[in-house]
Amino acid sequence: MHVNRSLARRASLVVTAAAATVVLAACGGGNDHSGAAHNTSNTVMASSSASVGQYNQADVSFAQQMIPHHRQAVAMAGMAASHGASSEVKALAEKIEKAQDPEIEKMSGWLKAWGAKVPDAMEGMPTMGGMDHGDHASMPGMMGQEDMDKLDSALDKDFDRMFLTMMIEHHEGAVDMAKTEQQKGASPDAMSMAGDIVRAQTVEIAQMRQMLGAS
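Residues numbered from 1 in each chain as written. Predicted model: local features only at pLDDT ≥ 70, side-chain atom pairs only at ≥ 80, totals over all residues. Heavy atoms only, no water.

Comments concerning the environment of Asp 152
- Residue placement: Asp 152 occurs in helix H6 (residues 145–153).
- In sequence terms Asp 152 and Ser 82 are 70 residues apart; their C-alpha atoms lie 9.8 Å from each other.
- In this structure Asp 152 touches Met 79 and His 83, once residues within four positions along its chain are discounted. (Helix = DSSP H or I, 4+ residues; strand = E, 2+ residues; numbered from the N terminus. Contact = heavy atoms within 4.5 Å.)

Structure representation (structure tokens):
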């Protein structure tokens, strides 16, 4: 009789424990299921953050300043086809012009993803009153209206010399801003572009100095 009651009690406990396990699983109360739910939440947050990417204020400033800087390089290079004399200068200007738009597009995309302002078409460009929007007036290498007018009025060899001199200064300004981004930025994409700008424009600066010396 004692043995039978003991067996019946153990069987009852097993059934009760199994039922409790089912209830816990259904409610998400088990340790494994709780962990899975927590991990899923973390994954969603990481995916959401990944769409914006890691960045800081230095990255925002780099993009907001480099976009107008690139646009001015396009404006300067665009004059070479009709103003310049040397085919070498014209070829370099065309190369410079083509390199700017893809980078402008990328930086504009970053700013939109970061919820930051994308400079408009004329922001940071020279105007009759000086530089549009004072924040860009002190950007390294940016040319004022007087310089741009002088370049636009020059022709042939005079244009070539002025273009090379001004573009060297412009490139040096871009390199300075890119080096600041490398030191202070947080966005891997922005820092990578900064490195590309330093490398490419350093090579072009050396090329333009050589061309200027030969002119």
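Now that the structure is up, let's keep going.
What about H6?
- Along H6, the residues that are buried comprise Gln 145, Met 148 and Leu 151. Angularly, the buried residues of H6 cover 125° about the axis, an arc narrow enough to put them on a single face. For H6, the exposed residues set more than 90 degrees away from the buried face come down to Glu 146 and Ser 153. (Buried < 20%, exposed > 50% of the residue type's maximum accessible area, 1.4 Å probe, protein only. Arc of directions from axis to C-beta.)

Regarding the pattern of salt bridges
- The tally for this structure, following the rule as stated, stands at 6 salt bridges.
- A salt bridge links Glu 146 to Lys 150, with the shortest nitrogen-to-oxygen separation between them at 3.7 Å. Remark: Lys 150 and Glu 146 occur in helix H6; sequence separation between them is 4 residues, near one turn of the helix. (Salt bridge = Lys/Arg side-chain N within 4 Å of Asp/Glu carboxyl O.)

With respect to the nonpolar core
- With 43 residues, the main nonpolar core has Phe 62, Met 76, Met 107 and Phe 163 as its most contacted residues.
- If you list the elements that add at least two residues to this core, you get helix H3 (57–78), helix H5 (87–113), H6, helix H7 (156–184) and helix H8 (188–214).
- If we ignore the near neighbours within four places in the chain, the residues touching Met 76 are Met 143, Met 148, Leu 151, Phe 159, Phe 163, Met 166, Met 167 and His 170. (Core = buried A, V, L, I, M, F, W, Y, C linked by side-chain atoms within 4.5 Å.)

Some words on the side chain of His 69
- Within the secondary structure, His 69 sits in helix H3.
- On the accessibility criterion, His 69 (1% relative accessible area) is buried.
- Non-local contacts of His 69, meaning those with residues more than four positions away in its chain, are made with Pro 140, Gly 141, Met 142, His 170, Gly 173, Ala 174 and Met 177.

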